[in-house]
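So you can see what is in the structure, the chains are spelled out below.
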Amino acid sequence: LYRVHIKSGKPDASGSFLAESPVITLLDRRTGAPTGELSANEARFAVGRAVGGRVTIELGKMEVGRSELSGHVRGHFKTADGVDSDLACERLILREELVEAPGLVTWSRRDLSVSGYDLRWDGPTGRLDFATGARLVLPPLDARPGFDVPGPGGLTPDVPPDAPDPRSAAHAELRGRV
């Protein structure tokens, strides 16, 4: 569920809606409260086809099965445990509760950052996967020493979506010569 603001837009030959400079506010499915924001140079929303070949789009109520953001994609949102986090990549593909980002992706928050290539996130399972070239950085924080750990074979953190304490329930696997 989300709200979209755009600079301009138009339908394209594929039946999608092409938006320039989109800012997408992510909304909580239960409360409708904002949970984060995504922005990019452009977005393509697959909205299907209408009878007669015309599509009327009311972005505030649009149901989209697939959207794709491209060019300087940035995100800012709160994690399940309420901490602000940031996302940076060049392309982000959203298919309901499945998110993919080919290429380099960086996700960071105050107490850790993760980067790697070819991200895939499955919302219902809470599984995040970086296919290759992962790097996990835990900066020194309070009494904790800092760590900078490469995972050339990728990284898969799992955070059960409905866990009462996401940090305690989470676990991760770094692959390759760690």
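Below or above, wherever it landed, is the structure these notes cover. (Residues numbered from 1 in each chain as written. Predicted model: local features only at pLDDT ≥ 70, side-chain atom pairs only at ≥ 80, totals over all residues. Heavy atoms only, no water.)

### Notes on the overall build of the chain
Threshold: Note on conventions: DSSP H or I runs of at least 4 residues are helices, E runs of at least 2 residues are strands, and numbering of each starts at the N terminus. Partly exposed residues are those whose accessible area sits between 20% and 50% of the maximum for their type, while under 20% is buried and over 50% is exposed, using a 1.4 Å probe and protein chains only. Contacts are assigned to residue pairs with any non-hydrogen atoms lying within 4.5 Å of each other. The accessible surface values rely on the Shrake-Rupley method and a 1.4 Å probe; as for residues, cover is taken only from the protein chains in view.
Each helix and strand in the chain was counted, giving one helix and 14 strands. Counting over 178 residues, the chain shows a buried share of 33%. Across the chain, every contact between residues at least 6 apart in sequence was considered, and the portion connecting residues at least 24 apart equals 38%. On the chain, roughly 10600 Å² of surface is accessible, and the fraction owed to carbon and sulfur atoms is 54%.

### Observations concerning the pattern of salt bridges
The cut-off we apply is this: Any Lys or Arg side-chain nitrogen located within 4 Å of an Asp or Glu carboxyl oxygen qualifies as a salt bridge.
A complete count under the given rule lists 11 salt bridges for this structure. We note a salt bridge from glutamate 100 to arginine 120, for which the minimum N-O separation is 3.0 Å. Highlighted residues: glutamate 100 in strand 9 (residues 98-109) and arginine 120 in strand 10 (residues 112-122), separated in sequence by 20 residues. We classify arginine 120 as partly exposed; its relative accessible area is 39%. Between arginine 127 and aspartate 158 there is a salt bridge, with the nearest N and O atoms lying 2.8 Å from each other. Of this pair, arginine 127 sits in strand 11 (residues 127-138) while aspartate 158 sits in strand 13 (residues 154-158), placing them 31 residues apart in sequence. The partly exposed category is assigned to arginine 127, whose relative accessible area is 42%. Among the charged side chains, a salt-bridge network with shared partners connects Arg95, Glu100 and Arg120.

### Some thoughts on the pairing of strand 6 (residues 42-46)
Just so we agree on the cut-off: Following DSSP output, two strands are said to pair if at least two bridges run between them.
Residues Ala43 and Phe45 of strand 6 are buried on one face, while the alternating residues Glu42, Arg44 and Ala46, pointing to the opposite face, are not. Where strand 3 (residues 16-20) lies against strand 6, five bridges are found, and the strand directions are antiparallel. When the sheet's bridge partners are listed, phenylalanine 17 is paired in strand 6 with phenylalanine 45. The pairing of strand 6 with strand 7 (residues 66-78) spans five bridges and is classified as antiparallel. Counted as the bridge partner of alanine 43 is leucine 69 from strand 7.

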